[in-house]
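# Chain and residue survey
One-letter residues, chain by chain:
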Amino acid sequence: MSNAPQPPRSSLDGGRIAARGFQYQYLRTLEVLVERIDDHRVSSIRVEGGWKSTGRECVDFDVVDHAGGCILAVQVKSSTPGATMRAPDAFGILCELVRQQESEAYELMTNAVPAANARELAETLEAGLTPAELRGALEDILANAESRLTVLRGLKNDELIRLGRARLNFDQRQSEEIREDLREKLRWLRNRHREGLGDRSAGLLTGYLVSEVLRRAADGQSARWLITEFQEDLLVPGEDLARLCMGRDWGIIAGAVPAIPDVDRPHLQAEVHRYLAASAGESVQRVALVGPSGIGKSSLAAAYIADQADRYDLVLWLDAESDGSLSASLYSVLEAISGASLPPNIDGNPLVLRDFLTAQLSSLAGRWAMVCDNAEDPGSLSTWLPSVGRGDVIITSLNAAANYGRTRVIEVGTLSEAEGEQLLRNRLPESWRNADPEDLRALREISEGWPLAIELIAGYIATCGIDPAGVSEYVVALRRRALDDHGALPSGYPRTLTAAINMCLDPFIRRWQQDPDSPNAALPIAMLTATAYLGSRRIPTQMVAASFFHDYEHTSRVPPGEGASYIDAPAFALGETIRELRRFSLVAFDEPFPPEQGRDAAVYVQTMQVNSIVQDLLRAEAERLPDPYALLMLLATHANRWLMAAAHRSEWQRVRLLLSHARTLFNHVVATQVIEPVTLQFVTNIGLMESRKGNFEAAEAIWRNVIEILGDDPDLNHQTIWAHALGNLAELRLTRPDRSTATDRELTRWLEMVLLFAQAQAITAPEVIAQVVAPVIGAMRINIADKEIDASRLLGPLMVAYEDLALRLPDVPVTRAGKRIRALDSSFSNSDFDAEEGIRTCREVLEGGDFGGLNELTVRRLLIELLIKQEHWAAARLELVAFKETAETSTLHVEESIRLLLNVGHQCAMRLFTGIFKHRAEAAALLHEAMTWSVTELVIPQANPREQHRLRLVGAISLLLQGHSAAAEQLLMEIELDDLGIDELPSIGGGWRTMWRYTRLELYRHAWNAHAYEGGAAM
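Every chain is numbered independently, its residues counted from 1 as its sequence is written. Under the rules for a predicted model, residues below a pLDDT of 70 receive no local features and side-chain atom pairs below 80 are neither given nor counted, while totals for whole chains, interfaces and linings still include all residues. Excluding hydrogens and water, the side-chain values take into account all heavy atoms of the structure.

The name an unreviewed UniProt entry gives the protein chain is NB-ARC domain-containing protein, with Glycomyces sambucus as the organism.

Next comes the structure, spelled out in structure tokens:
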């Protein structure tokens, strides 16, 4: 179904309009069903049409006879009240209808107001004209609609005949009016069959039938609605319908059922219903709703009972917190439903009570339901629950780790954004009715979708009379106070959320405090506390656990090539610890972590999630928990190892997820001022990752912070980290002076300090020094080779000393491969360069895997450039695809992506302009693929100003090759010749300035050819 063009609206309004449109469509569908119920020719109606076509589907429903032929094909078109429809629009819709399928008749139903020419069109179609007469009449009506005239002239004779059978149905009734008319028709039909309906029942039946249209529209296999099926749905026995409306025959509900929630959770409710609706015969179906306190487990059970109570003769709501409360609850409800018939010895005798319950339930003719609410020990319930009978059992519990056997376990999580906002609006006072949506969003976000948190926050606002103005500025403080405010507690909640979480933490804290030297006693609370300093989702359990099982000093010295740190299978202690935490729903399982190579068993990829409210509370309770300083030191050590190992191995999905945890951990490490070698190394590497992502300012701030903490003369334990940070700062200033705040004096000082450190340690720690100085030397070489970077004049004497030092350092794997690649990069443009040997070198380095993942794209970029140089176009394209996949996955290769676009763009463009090489089409295709890469728009702003102008030039050339001359010229006009810098590229055809001139000439040639063509046409 399509909608008429409307004025621009917000996305929210657009969604409502669409929903109203579908509602209108399904009401009209239902109305036709009712009208055709006594038509003996009609077999069925197909919701959303029957036949498929290669074009856009436009049949909203059709009426079908017993032979399968189409009697009527209909499109329904809704509009806002008062909106008009013109003849060209109506004609276009009808043309699509008649072209899509054969039918005896066609109809466009709409509530739009017909314009004068639309009324004329409707009258013309009803006039019974011949095809020729109809064509002539339509030519006059559509005289001012050129596009529609073209369609008309293209209609075949048989299509015109079909068009003559089409009708326009202008009916200005809105949805509510149609609903009322339907209720009257349904009452008449029901009364004719002596099945009387009241007003409310008619409304219920209308809603049900409309929902049936919706269900069939969504399910292609159910789209055909037989008239006989519709009659059965329409004539539901009056007793059943009355019971649905709470008129009579409701099941007896015994027990203290909590308030029915006023915010639906349809996904969870559907899951409960789907499982329990499958119950049949004498089997008892069981569902366990598990999750933390205040998450809405009992409310979900109450919503199910309210929705499905008519299915049951008896509903029992039991307090299952302990055997005692369960026994007392059972006695009370049985007394209420049986009265004096209770056996005299039942009170205080669980066995007699259970047997009597079983007998009572088995005597019921219909189904029964039992809700065991707040079960602390779900395993003990098995002795109470009947195993046979026509019944359903719902258990609610904190314990997500219990052995529930054949019970279907459903984990109840937080509310969706829409559900959370609805609950918040329902609970906030009237003064908040017109609150700024941003303030409401801030409140919803700090509640984390936790229903009890929302109740407490809204209750705190209401009871304290807090005004909405400016609340977003102190929402965090508001949450902290509200979550432990007893005055804000809603009715039916026994404790605040803070108290509920503390109640779950207390057993772990007491156990650890009673036996602080026992790993089994300390591990649960230590692991849970550690999660408070990471992200809340997909926390690797192995990374957290390894922090407490492996020596952190040894871990800090392990090379990244050896991988992350693990507790090897079977890891019983880890499994038991997670089970203990899940008993109180403090953690939940999450999606598996991307595996490290060779570590794909479930125990290595298991993750958990912790609600951020629990994390905040854990950090606030630091004085009662394991030492945060020591914990952060251990966690940073292993997070660093996991992150750097994943980066070294090019496991970019792992890197992306680990970075989210590392950034959170970094903030806590800095805030807590954990000044240890392992944490400073971790912080320095986070700066490296930020730099790789193009967040140069953030990286510089991190490294400057490290230098500020350590000073100019760090102690021996911190010297290597200090030198790394200095080297990183110098490298950033040398390669990206536009994104560094460093002065020339700072740069010279940093380089001198790194050199002095390296010279002093070169004999005792040569491998460490090689890793520190190799990036610095590479950056200095690039800087000196670039005539436009001012810092190059400062580097002459220092470069001699660095080069001398490099000759005396050993070839560790990273630097050995690095030397080979840097040699390729620097000699690439030499006339005697052996490109085929270079290709072999790149492939050997990639296959060897000893270069480190952070440098993988450097090698891949060089390989692509070499393949282009040798005109191996197919291989270059394959490598470009591999480069793009890696860069998109890692997000850590901004600089290499920029260099790829520049170098590949330059090589391809110059081949196209010079005309002295073959394979122009291949070069154009490769250039187009590079410049239309989705990442291009993201990386260009990260380039320096000169590179941005060069990339715009390449983009203009790509547009020109695709035939978009005007867009190419517009882009080229933004570039001045001096913006491109010095032509330091002595490659094919010249440098960037030459390429700019070629592009201008090519644009002139295009303009001249276009002018000559127009002139020839004129002559």
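On we go.
### Quick look at the sheet that holds strand E17 (residues 607-609)
Inclusion rule: By the convention used here, strands pair only if DSSP detects at least 2 bridges between them. Per the convention used, a helix needs a DSSP run of H or I reaching at least four residues, while a strand needs a run of E reaching at least two, with both numbered from the N terminus.
Sheet architecture is open: three strands sit in the order E15-E17-E16, paired in antiparallel fashion. Every other strand in the sheet has two partners, leaving strand E15 (539-540) and strand E16 (588-589) as the edge strands with one partner each. Where E15 and E17 come together, two bridges link them in antiparallel fashion. From the neighbouring strand, Ile 539 faces E17, where its bridge partner is Met 608.

### Section: the side chain of Asn 685
The cut-off we apply is this: Relative accessible area decides the class of each residue, using a 1.4 Å probe on protein chains only: under 20% of the type maximum gives buried, over 50% gives exposed, and in between gives partly exposed. Working rule for contacts: check all heavy atoms of both residues, and any pair within 4.5 Å makes them a contact.
Relative to the assigned elements, Asn 685 resides in helix H28 (residues 677-692). Exposure remark for Asn 685: the relative accessible area of 10% places this residue in the buried category. What Asn 685 contacts, discounting residues up to four positions off in sequence, is Asn 640 and Met 644.

### Structural notes on the packing of helix H35 (residues 835-848) against helix H36 (residues 856-869)
Heads up, the condition is: Note on method: axes are straight lines fitted to C-alpha atoms, helices fitted across the in-contact stretch only, with angles between N-to-C directions ranging 0 to 180 degrees. Between 65 and 115 degrees an angle is taken as roughly perpendicular, under 35 as roughly parallel, over 145 as roughly antiparallel, and anywhere else as oblique. Here is the rule for handedness: rotate from the far helix to the near one, and if that takes an anticlockwise turn smaller than a right angle the crossing is left-handed, while a clockwise turn gives right-handed. Residue polarity is assigned by list, with Asp, Glu, Lys and Arg as charged and Ala, Val, Leu, Ile, Met, Phe, Trp, Tyr, Cys and Pro as nonpolar; anything else, Gly included, falls into the polar class.
One can describe the packing of H35 onto H36 by two numbers: an axis separation of 9 Å at closest approach and a directional angle of 155°. It follows from the interaxial angle that H35 and H36 lie roughly antiparallel. Between H35 and H36 the crossing geometry is left-handed. Judged by residue contacts, Ala 835, Gly 838, Ile 839, Cys 842, Arg 843, Val 845 and Leu 846 of H35 engage Glu 856, Val 859, Arg 860, Leu 862, Leu 863, Leu 866, Leu 867 and Lys 869 from H36. In the contact of H35 with H36, the residues fall into ten nonpolar, one polar and four charged.

### Regarding the packing of helix H27 (residues 652-672) against H28
Angle between the axes and distance between the axes are the two parameters that describe a pair of packed helices. One can describe the packing of H27 onto H28 by two numbers: an axis separation of 10 Å at closest approach and a directional angle of 130°. Our classification of the angle between H27 and H28 gives oblique. At the point where H27 passes H28, the crossing takes the left-handed sense. Between H27 and H28, the contacting residues are Leu 659, Ala 662, Arg 663, Leu 665, Phe 666 and Val 669 on the first element and Thr 679, Phe 682, Val 683, Ile 686, Met 689 and Glu 690 on the second. Tallied by class, the residues present in the contact of H27 with H28 amount to nine nonpolar, one polar and two charged.

### Describing the nonpolar core
Cut-off, in case you're wondering: To qualify as a nonpolar core, a set must consist of buried Ala, Val, Leu, Ile, Met, Phe, Trp, Tyr and Cys residues joined through side-chain atoms within 4.5 Å.
In this structure, Leu 443, Leu 665 and Val 773 are the most contacted members of the largest nonpolar core, which totals 154 residues. Tallying contributions element by element places helix H26 (residues 628-648) first for this core, with eleven residues. When residues no more than four places from it in sequence are discounted, the contact partners of Leu 665 are Tyr 533, Leu 534, Leu 632, Leu 635, Ala 636, Ala 639 and Phe 682. Formed by 52 residues, the second largest nonpolar core is a distinct cluster that contains Leu 862, Ile 868, Cys 908 and Met 910.

### Considerations on a negative patch on the surface
As a reminder of what qualifies: Patch construction takes residues with relative accessible area above 30% that form no salt bridge. Like charges are linked within 9 Å, and nonpolar side chains (Val, Leu, Ile, Met, Phe, Trp, Tyr) are linked within 5 Å. Every accessible area reported is derived by Shrake-Rupley at a probe size of 1.4 Å, with residue values counting cover from the shown protein chains alone. Any Lys or Arg side-chain nitrogen located within 4 Å of an Asp or Glu carboxyl oxygen qualifies as a salt bridge. His is not counted, nor are the chain ends, whereas Lys and Arg count as positive and Asp and Glu as negative. Charge placement uses NZ in Lys and CZ in Arg. For Asp and Glu, CG and CD serve respectively.
Taken together, the side chains of Asp 319, Glu 321, Asp 323, Glu 376 and Asp 377 define an acidic patch exposed on the protein surface. Looking at the element boundaries, Asp 323 is found in helix H13 (residues 323-338). Among the residues examined, Asp 323 registers a relative accessible area of 44% and is labelled partly exposed.

### Structural notes on the environment of Arg 427
Summarising the element assignment, Arg 427 is placed in helix H15 (residues 417-427). For the pair Arg 427 and Glu 455, spaced 28 residues apart in the sequence, the C-alpha separation amounts to 6.9 Å. In this structure Arg 427 touches Asp 262, Glu 455 and Ala 458, once residues within four positions along its chain are discounted.

### Let's talk about the pattern of salt bridges
All told, the structure shown has 52 salt bridges when counted by the stated rule. For Arg 861, the salt bridge is made with Glu 865, and the minimal N-O distance between the two is 2.7 Å. Of this pair, Arg 861 and Glu 865 both sit in helix H36, four residues apart, roughly one helical turn. We note that Arg 861, like Glu 865, is buried. The structure contains a network of salt bridges with shared partners spanning Arg 28, Glu 31, Glu 35, Asp 171, Arg 173, Asp 181 and Lys 185.

### A closer look at helix H11 (residues 266-276)
Which entries qualify depends on this criterion: Along the arc lie the directions from the helix axis toward the C-beta atoms.
Three or more residues of H11 are buried, namely Leu 268, Gln 269, Glu 271, Val 272 and Leu 276. Take H11 and look down its axis: the buried residues cluster within an arc of 160°, on one side only. Opposite the packed face of H11, turned more than 90 degrees from it, sit the exposed residues Pro 266, His 267 and Arg 274.

### Examining the side chain of Arg 860
Here is the rule: Definition of a polar contact: a pair of N or O atoms within 3.5 Å, with one able to donate and the other able to accept a hydrogen when the atoms are protein atoms, and with sequence-neighbouring residues admitted only if both atoms are side-chain atoms.
Summarising the element assignment, Arg 860 is placed in helix H36. Look at Arg 860 and you get buried, because its relative accessible area is 17%. Here the side chain of Arg 860 touches Glu 856 through a polar contact of 2.9 Å, side chain to side chain. Ignoring anything within four residues of it in the chain, the contact list for Arg 860 reads Leu 846, Glu 879, Ala 882, Phe 883 and Thr 886.

### Re H27
Rules: Under the convention used throughout, the expected extent of a helix is 1.5 Å for every residue step, that is, one less than its residue count.
Over its 21 residues, H27 runs 29 Å from end to end, which matches the ideal 30 Å to within 8%, given 1.5 Å per residue. For H27, the full list of buried residues reads Trp 652, Arg 654, Val 655, Leu 657, Leu 658, Leu 659, His 661, Ala 662, Leu 665, Phe 666, His 668 and Val 669. At the exit of H27 stands Gln 673, carrying a positive phi of roughly 55°.

### Things to note about the sheet that holds strand E3 (residues 70-77)
Sheet architecture is open: six strands sit in the order E7-E5-E3-E2-E1-E8, paired in mixed fashion. Pairing within the sheet leaves two strands with one partner each, and these edge strands are strand E7 (166-170) and strand E8 (224-226). Shown here is a sheet whose adjacent strand axes are inclined to one another by a mean of 20°, direction ignored. In this sheet, E7 lies alongside strand E5 (residues 105-110) in parallel orientation, the contact comprising five bridges. Within E7, the position partnered with Met 109 by the bridge is Asn 169. Contacts between helix H9 (residues 227-234) and the sheet are confined to strand E1 (42-47) and E8, with E8 contributing the most and set at about 70° to the helix.

### Digging into the pairing of strand E2 (residues 61-65)
Across the five residues that make up E2, a large majority, five, are buried. Side chains Phe 61, Val 63 and Asp 65 of E2 all project onto a buried face; the interleaved residues Asp 62 and Val 64 project onto the opposite face, where all are buried too. Pairing between E1 and E2: five bridges, direction antiparallel. Across the sheet, the residue bridging to Ser 44 is Val 64, located in E2. Note that E2 and E3 share four bridges and pair antiparallel. Within E3, the residue paired with Val 64 across the bridge is Cys 70. Counted between consecutive antiparallel strands, the loop separating E2 from E3 contains four residues, among which Gly 68 sits at a positive phi close to 95°.

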